[in-house]
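# Coordinate inspection notes
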Number of protein chains: 2
Amino acid sequence: MFITEIAKTGSIVNTSDRLFVSSPAISLAISSLEEELGVKIFERSRNGLEPTEIGKKLIIAAQEILNQIEKFKQEAKSDSSEIEETLSISAVQSLCRSIIPKTSAVLKAKFPKITLQIKEAHPS
Amino acid sequence: MFITEIAKTGSIVNTSDRLFVSSPAISLAISSLEEELGVKIFERSRNGLEPTEIGKKLIIAAQEILNQIEKFKQEAKSDSSEIEETLSISAVQSLCRSIIPKTSAVLKAKFPKITLQIKEAHPS
DNA sequence: TCAAGTTACGGCGTTCGTAACTATT
DNA sequence: AATAGTTACGAACGCCGTAACTTGA
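Now for a look at the structure at hand. If you're wondering where the values come from, they're calculated on a predicted model, not measured in any experiment.

### A closer look at the protein's contact with DNA strand D
The immediate surroundings of DNA strand D are formed by 16 residues, with S22 of chain A together with V13, S27, R44 and L49 of chain B found nearest. Each atom of DNA strand D within 4 Å of the protein belongs either to a base or to sugar and phosphate, the latter forming 64%. The separation between a phosphate oxygen of DNA strand D and a polar main-chain atom of S22 of chain A is 2.7 Å. Between DNA strand D and R46 of chain A there is a distance of 3.1 Å, counted from a base nitrogen to a side-chain nitrogen or oxygen. Residue assignment for the surface near DNA strand D shows that the elements contributing at least two residues are α3 (23-37) of chain A together with α2 (12-19), α3 (23-37) and β2 (48-51) of chain B. The class makeup of the residues in the surface near DNA strand D is nine nonpolar, four polar and three charged.

In structure tokens, the structure reads:
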């Protein structure tokens, strides 16, 4: 669904920069979509792409699809984030300074309600 | 998006038959989705799959995505089908009885408003 | 001549199907 | 034993990136 982004940025190159996808990939994706639908979505020009009349309608419809997908993800996220647990972690000092901070950041992002108890252990 | 179909048919096997996709492919797709989202969508049992609570919500959200996609396609179709042309075709008798009917059926499906003028030609 | 888009092509990842395995009744 | 789901694995398809080409100001 590059078409919504192209509509916003005005060109394939800008979209390429913004989404970190190469111009040829985007160009081909658009062409393929147009051929599949039998509809020209954009007018190509020297400095960018401009939606056709039907293109504008399709871009709106595409944006609605993306919104629904976002809703879907949020729905799932709101559930998995309902996990409320207390996770106790013991680790030697070196680990406390290195991987533990990264790990806990990831966990906090996925399960906002989690409680982390980190305890420094003494190697035997 | 196999999850909506599974919700309707009640099992992977039925979905497999209905969508002409193998059971393992569907099974793996569901597992992957569940892992990606960090959410269990179905309870597995001897005779089929039943949605969990969050699964039901996700299935509804997924169905809305599919509906939006259908809208998108319809939008495109309604445009390409606005082509009103008269297409004249001449062909020798043998062709008139063979490929022409198939071809015109395809054209009529894609461009409902098209007019076909088929004329039998006489080989020189 | 420069900037944007397109075409060509090779590589990689995803997804699929077949086959074999597990589990539940 | 039979049926539904899962795991393993090899193959096919699609999508992407690099490079080269085309086009319009």
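### Quick look at α2 of chain B
Residue and element names in this part refer to chain B. Every buried residue of α2 is accounted for by I12, T15 and S16. End-on, the buried residues of α2 take up no more than an arc of 105°, which puts them together on one face. Those residues of α2 that are exposed and angled more than 90 degrees off the buried face are D17 and R18. Contact partners of the buried residues in α2: α1 (3-9), α3 and β2. Its side-chain oxygen placed 3.1 Å from the backbone nitrogen of N14, S11 serves as the N-cap of α2. Remark: F20 follows α2 within two positions and exhibits a positive phi of approximately 60°.

### Some points on the protein's contact with DNA strand C
Around DNA strand C, a shell composed of 16 residues is seen, among which V13, S27 and R44 of chain A together with S22 and R46 of chain B lie nearest. In this structure, R46 of chain A approaches DNA strand C through a side-chain N or O atom, which is 3.1 Å from a sugar or linking oxygen. Looking at the surface near DNA strand C, its residues break down into nine nonpolar, four polar and three charged.

### Examining the side chain of T15 of chain A
Residue and element names in this part refer to chain A. Position of T15 among the secondary structure elements: in helix α2 (residues 12-19). According to the relative accessible area criterion, T15 is buried, its value standing at 0%. Each residue touching T15, except ones within four places of it in the same chain, is listed here: E5, I6, T9, F20 and I26.

### Looking at α3 of chain B
Helix length check: α3 of chain B (15 residues) gives 21 Å between terminal C-alpha atoms against 21 Å at 1.5 Å per residue, within 8%. Following α3 of chain B by one or two positions, G38 of chain B adopts a phi angle in the positive range, close to 70°.

### A look at the side chain of E5 of chain B
Along the polypeptide, E5 of chain B turns up in helix α1. With residues up to four places along the chain from it excluded, the contact list for E5 of chain B reads G10, T15, R18 and L19 of chain B.

### Things to note about the interface of chain A and chain B
The interface of chain A with chain B comprises 18 residues on the first partner and 18 residues on the second. In total, chain A and chain B occlude about 1900 Å² of area from one another, counting both sides; carbon and sulfur atoms represent 75% of this. Sorting the residues of chain A by area buried against chain B places I65, Q68 and F72 of chain A first, and these three jointly supply 31% of that buried surface. The interface formed by chain A and chain B includes zero salt bridges. Our count for the chain A to chain B interface comes out at zero residue pairs in polar contact (both at pLDDT 80 or more). It is helix α4 (residues 53-80) of chain A that provides the largest number of residues to the side of chain A that touches chain B, a total of 14 residues. Along the lines of polarity and charge, the residues of the side of chain A that touches chain B split into eleven nonpolar, three polar and four charged.

Parameters at a glance
- Residues numbered from 1 in each chain as written.
- Chains lettered and ligands numbered in written order.
- Predicted model: local features only at pLDDT ≥ 70, side-chain atom pairs only at ≥ 80, totals over all residues.
- Heavy atoms only, no water.
- Near = heavy atom within 4 Å.
- Polar contact = N/O pair within 3.5 Å; in protein donor to acceptor, adjacent residues only side chain to side chain.
- Helix = DSSP H or I, 4+ residues; strand = E, 2+ residues; numbered from the N terminus.
- Nonpolar A, V, L, I, M, F, W, Y, C, P; charged D, E, K, R; others polar.
- Buried < 20%, exposed > 50% of the residue type's maximum accessible area, 1.4 Å probe, protein only.
- Arc of directions from axis to C-beta.
- Contact = heavy atoms within 4.5 Å.
- Expected span 1.5 Å × (residues − 1).
- Buried area = accessible area lost by both parts, 1.4 Å probe.
- Salt bridge = Lys/Arg side-chain N within 4 Å of Asp/Glu carboxyl O.

That's the geometry; what it means functionally is another story.
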